[in-house]
Amino acid sequence: MLRMLGKMKKSFGWILLIFGLLFLQAVCDLSLPEYTSKIVDTGIQQKGVEDAVPSKMRAATYDTLMTLISKSDQKTVSDSYKKANDKTYGEIYKLKSGVKGDQRDELNDILSQAEMLTLLAQKQNIDLTTLPEQAIAKLKEQMRSKLKEYPDSIVTQAAVTFVQSEYKALGVDLDKMQTNYLWGAAWQMIARALLSMVCSIFVVFLSSRVAASLGRDLRGEVYGKVLTFSSREMNQFSTASLITRSTNDIQQVQLVMSLMFRIVLYAPFLAVGGIMKVMKTSSYLSWIIVLGTAIVAAVIVVLFAFVMPKFKVLQKKIDRLNLISREILTGIPVIRAFSTEKHEEERFDDANKDLTKTNLFVNRAMAFMMPAMTLIMNGISVLIIYSGARGVDGGKIQVGDMMAFLQYAIQIIMSFLMLSMIAVFIPRASVSAKRIFEVLDTEPSIESPKEPLAPLPQMKGELAFDHVSFSYPGAEEPVLKDISFTAKKGETVAFIGSTGSGKSTLVNLIPRFFDATEGSVKVDGVDVRKMDIHELRDKIGFVPQKSVLFSGTIASNLRFGRSDATDEEVRKAIAIAQASDFVDARPEGIDAHIAQGGSNVSGGQKQRLAIARAVAKQPEFYVFDDSFSALDFKTDEGAEGADGRRDDADCRAAREHDPAGGPDYRPR
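Residues numbered from 1 in each chain as written. Predicted model: local features only at pLDDT ≥ 70, side-chain atom pairs only at ≥ 80, totals over all residues. Heavy atoms only, no water.

K.L.:
Sorry, what's going on with the overall build of the protein chain here?
P.N.:
Helices and strands together make up the secondary structure of the protein chain, namely 25 helices and 13 strands. Within the protein chain, the proportion of its 668 residues that are buried is 46%. Counted over contacts in the protein chain with a minimum sequence separation of 6, partners at least 24 positions apart contribute 77%. Working note: accessible area of the protein chain is about 34900 Å², and carbon and sulfur atoms make up 57% of it. (Helix = DSSP H or I, 4+ residues; strand = E, 2+ residues; numbered from the N terminus. Buried < 20%, exposed > 50% of the residue type's maximum accessible area, 1.4 Å probe, protein only. Contact = heavy atoms within 4.5 Å. Areas by Shrake-Rupley, 256 points an atom, 1.4 Å probe, with all protein chains shown as cover.)

Take a look at the structure:
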């Protein structure tokens, strides 16, 4: 799958944008539990007072706190407050506007201990201003040792009580402060949730766009590569397998790439960010996250150990099903003629059941993942609530922090859950990607030379076989051995031989469907292996043994070799191929529709149109590979090519050309 990322260089800018949007979405999502904690702890329990740093306090309170603070910390406090006058309360101290961030946190730590000490003294009716320094130092030491048992949030929450009492003494409306704080936190939560939603929508849109572009490019590359394959490579990959690789396999990769940007990249942001937030929120419950993560990882590893090998088998069985389906659909007339419908149904049913069995195993195994993850997530939630409740009761954690911790834990487990969901598709997509690259990495055995030779003008229209031998890959004996002949311009040459004697193989060497294993085939005086392959094939009008027509019209099929052929040239080619009768009989004429594979014309009509297609190309050479088998004698004789398989006495002229049947070659 990593190689697939290299195919996405064109979309690099969009991928960076997706990455940025996912990061922003994760930041927004991870901030929501923090706001929940603030609403519960600060907004509800602390009435909108955020920490132990009062925004203003009376001069007497300021002097009392300063007596309880060390000399090194007194400067920090004095630098953070400025003296002011109030009409009602006289001299007060106000917090400077620039005290934020780390400076405020430091100030909070200093004041919280002094404020708690003051509260403790008030409960015991002790006047701290009358106590000697040694007594105050002893109280402070006792307070510090006791505070070490509690987290900072608990200490701050206790100190907030002192700040609230100070605000009451100054006439501050605590109810209004609480309402304003709750509305402010709520609007910030809504804004971040909306921003997260917008990011998510754009990520889905851009991910789909990038994945669709990848699928388009892969289909184009695979299609272009297959067009360069010779018969050797086409035999290596079956047609059914190439169809599966071009459709199903690419679709699997496209789906996973789309999900990868939306889930695989987002889940690590959520998991890592959630763990960092959890550690910051409370270390008291962190062990639960470690336990849950370990259990989730174990489930995924065990499950994949069983399922991964089945994905490769699955794709091969899809190939097998496609192969059988294609054979049955193309061979329906033969199946009906031999009444073997039942046998073919059973053959298809066996392949279908085999694929279904493998699919069921994979889906059942993966179906186990979702309930397992849900059980783990619910179990962790119960464990957090149970342990958190005990922590709240023991003063080790606040209610809001516990709620935030629960939400962070769910986000972390959800990130693993999302990864496990995408993991259902990744193994199969990895197999599909490997199969796609098998096609793309296969180098065609027949290619144009880097420095092709130009045909010799003085030898135009001449074909020569010079001691040619040919063996199919892996064959024990050659099909052709030491073949030599020369056909000059204007000559007609026919090859006679029994079935399987190599007639089709011989003519396939001319357009380089195969290359001779020994000797050389020369066209226009140049070895075909040293000519540009497109230039070579442009010189040849080839009519294959099996006539192939494409969906479209008669005219589009005849212009297949020469797109600029005029209507007059097309009709002339039709006349030469003795196809005028049935073409003119159609109301649309040369614009008559041809179905896929030429299924709406007869075998003889198909062969005549195939011959007309070669004629319309106006090539230097005509090569007919047993292409008159479905023609009547009149057409056979008019086309000057015969296969001589008929016993009619009127076929004497045809037998003179090819008494045994087979392909013939005609240079112009």
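K.L.:
Before we go on, may I ask you to explain the sheet that holds strand E2 (residues 81-86) in this structure?
P.N.:
Strands pair in a sheet through their backbones, by hydrogen bonds, and they do so in one of two ways: parallel or antiparallel. One open sheet holds the 3 strands; their spatial order is E1-E3-E2, and the pairing between them is antiparallel. With one partner strand each, in any of the chains shown, strand E1 (56-58) and E2 form the two edges of the open sheet. Taken over all neighbouring pairs, the strand axes of this sheet differ in orientation by 35° on average, direction set aside. The pairing of E2 with strand E3 (residues 90-95) spans 6 bridges and is antiparallel. Note on E3: the bridge partner recorded for Ala 84 is Ile 92. Each of E1, E2 and E3 is contacted by helix H3 (residues 59-67), which is oriented at about 90° to E1, the strand it contacts most. Of the strands in this sheet, E2 and E3 are in contact with helix H4 (residues 71-80), which crosses E2 at around 50°. (Pairing = 2+ DSSP bridges. Axes fitted to C-alpha atoms, helices over the stretch in contact; angles between N-to-C directions.)

K.L.:
Help me understand helix H8 (residues 174-228), please; the structure alone is not making it clear to me.
P.N.:
In an α-helix there are 3.6 residues to a turn, and that puts residues three or four apart on one side. With 55 residues, H8 should reach 81 Å at 1.5 Å per residue; the first-to-last C-alpha distance of 80 Å fits that figure. For H8, the N-terminal capping position is held by Asp 173, with its side-chain oxygen 3.2 Å away from the main-chain nitrogen of Asp 175. (Expected span 1.5 Å × (residues − 1). Polar contact = N/O pair within 3.5 Å; in protein donor to acceptor, adjacent residues only side chain to side chain.)

K.L.:
Whenever I open this one, the packing of aromatic side chains confuses me. Can you help?
P.N.:
Ring pairs (aromatic) are described by centroid distance and by the angle formed between their planes. In total, this model carries 14 aromatic pairs according to the counting rule given. Ring geometry for Phe 470 versus Phe 514: centroids 5.3 Å apart, planes at 55°, classification tilted. In this pair, Phe 470 is assigned in strand E4 (residues 463-470) and Phe 514 in the loop between helix H18 (503-508) and strand E7 (518-523), connecting sequence segments 44 residues apart. Grouping residues by exposure puts Phe 470 and Phe 514 together as buried. Through successive ring pairs, a cluster of aromatic residues spans Phe 19, Phe 23 and Phe 269. For the cation-ring pair, Lys 38 lies above Tyr 35, with the distance from its terminal atom to the ring centre recorded as 5.2 Å. (Phe/Tyr/Trp six-rings, centres within 6.5 Å; stacked < 30°, edge-to-face > 60°. Lys NZ or Arg CZ within 6 Å of the ring centre and 35° of its normal.)

K.L.:
Mind showing me how you'd approach the packing of helix H12 (residues 286-330) against helix H14 (residues 341-367) here?
P.N.:
Packed helices, taken two at a time, are described by the angle between their axes plus the distance between the axes. As a packed pair, H12 and H14 sit with axes 9 Å apart at the nearest point and diverge in direction by 160°. By the criterion of interaxial angle, the relationship of H12 to H14 is roughly antiparallel. Pair H12 / H14 crosses with left-handed handedness. Split into classes, the residues belonging to the contact of H12 with H14 amount to 17 nonpolar, 4 polar and 7 charged. (Parallel < 35°, antiparallel > 145°, perpendicular 65-115°, else oblique. Left-handed = near helix turned anticlockwise from the far one by under 90°. Nonpolar A, V, L, I, M, F, W, Y, C, P; charged D, E, K, R; others polar.)

K.L.:
It is not clear to me how a negative patch on the surface should be interpreted in this structure. Could you clarify?
P.N.:
Residues Asp 102, Asp 105, Glu 106 and Asp 109 make up a contiguous surface patch of negative charge. Tracing the backbone shows Asp 102 in helix H5 (residues 101-123). A residue is classified by how much of its surface remains accessible, and Asp 102, at 66% relative accessible area, is exposed. (Patch = residues over 30% accessible without salt bridge, like charges linked within 9 Å, V, L, I, M, F, W, Y side chains within 5 Å. Salt bridge = Lys/Arg side-chain N within 4 Å of Asp/Glu carboxyl O. Lys, Arg positive; Asp, Glu negative; His and termini not counted. Charge placed at Lys NZ, Arg CZ, Asp CG, Glu CD.)

K.L.:
Would you explain the pairing of E4 in this entry?
P.N.:
Where a strand is regular, its side chains alternate between the two sheet faces. Here E4 lies mainly inside the structure; 6 of its 8 residues are buried. Bridge count between E4 and E7: 5 bridges; the pairing is antiparallel. Each residue of the ladder has a partner; that of Asp 466, found in E7, is Ser 520.

K.L.:
How should I be thinking about the sheet that holds strand E5 (residues 480-487) in this particular structure?
P.N.:
Pairing in this open sheet of 4 strands is antiparallel, and the strands run E5-E4-E7-E8 from one edge to the other. A single partner strand is all that each edge strand has here, and the edge strands are E5 and strand E8 (526-527). Here 2 bridges tie E7 to E8, and the two strands are oriented antiparallel to one another. Note that in E8 the partner of Lys 522 across the bridge is Asp 527.

K.L.:
Quick question: what am I supposed to make of unusual backbone geometry here?
P.N.:
Most peptide bonds take the trans configuration, and most residues that are not glycine carry a negative phi. In the Ramachandran plot, Arg 512 falls in the positive-phi region, its phi being about 65° despite a non-glycine side chain. With respect to the element layout, Arg 512 can be found in the loop between H18 and E7. Since its relative accessible area comes to 3%, Arg 512 is described here as buried. Of note in the backbone geometry, Gln 578 takes a positive phi value of approximately 60° without being a glycine. Overall, the relative accessible area of 27% leaves Gln 578 in the partly exposed class.

K.L.:
I tried to follow the side chain of Asp 524 on my own but got confused; where do I start?
P.N.:
Among the structural elements, Asp 524 can be located in the loop between E7 and E8. Under the relative-accessibility criterion, Asp 524 is labelled buried at 1%. A polar side-chain atom of Asp 524 sits 3.0 Å from a polar atom in the side chain of Lys 539. Leave out the neighbours within four places in its chain, and Asp 524 touches Pro 455, Leu 456, Met 459, Lys 460, Gly 461, Glu 462, Lys 539, Glu 620 and Phe 621.

K.L.:
Explanation requested: the nonpolar core in the structure shown.
P.N.:
A general tendency of soluble globular proteins is for nonpolar side chains to be buried together. By size, the foremost hydrophobic cluster in this structure holds 81 residues, and its most contacted members are Met 4, Leu 218, Val 253, Met 257, Ile 384 and Ile 436. If one sorts the elements of this core by residue count, H12 sits on top with 14 residues. When sequence neighbours within four positions are dropped, the list of residues in contact with Ile 436 reads Met 4, Leu 218, Val 222, Arg 245, Asp 249, Ile 250 and Val 253. Judged by nonpolar contacts, the second largest core, of 27 residues, contains Leu 558, Ala 565, Phe 582 and Ile 594. (Core = buried A, V, L, I, M, F, W, Y, C linked by side-chain atoms within 4.5 Å.)

K.L.:
Is there a simple way to think about the pattern of salt bridges in this case?
P.N.:
Side chains bearing opposite charge may pair, as long as their charged atoms lie close to each other. Here the structure, examined in full by the defined rule, presents 21 salt bridges. Close ionic contact of Arg 559 with Asp 567 constitutes a salt bridge, the shortest N to O distance being 2.3 Å. Classification of Asp 567 as partly exposed rests on a relative accessible area of 36%. Its salt-bridge partner being Glu 569, residue Arg 562 comes within 2.7 Å of it at the nearest N-O pair. Connected through salt bridges with shared partners, the residues Glu 327, Glu 344 and Arg 347 form a single ionic network.

K.L.:
Mind showing me how you'd approach the environment of Ile 289 here?
P.N.:
Note on placement: Ile 289 falls in helix H12. Overall, the relative accessible area of 6% leaves Ile 289 in the buried class. When the C-alpha positions of Ile 289 and Ile 380 are compared, they lie 7.9 Å apart, and in sequence the two are 91 residues distant. If we ignore the near neighbours within four places in the chain, the residues touching Ile 289 are Val 278, Phe 405, Ala 409 and Ile 412.

K.L.:
So what exactly am I meant to see when it comes to a nonpolar patch on the surface here?
P.N.:
Together, Trp 183, Trp 187, Ile 190, Leu 194, Met 197, Val 198, Ile 201 and Phe 202 make up an exposed nonpolar region whose accessible area comes to about 850 Å². Looking at the secondary structure, you find Ile 201 in helix H8.

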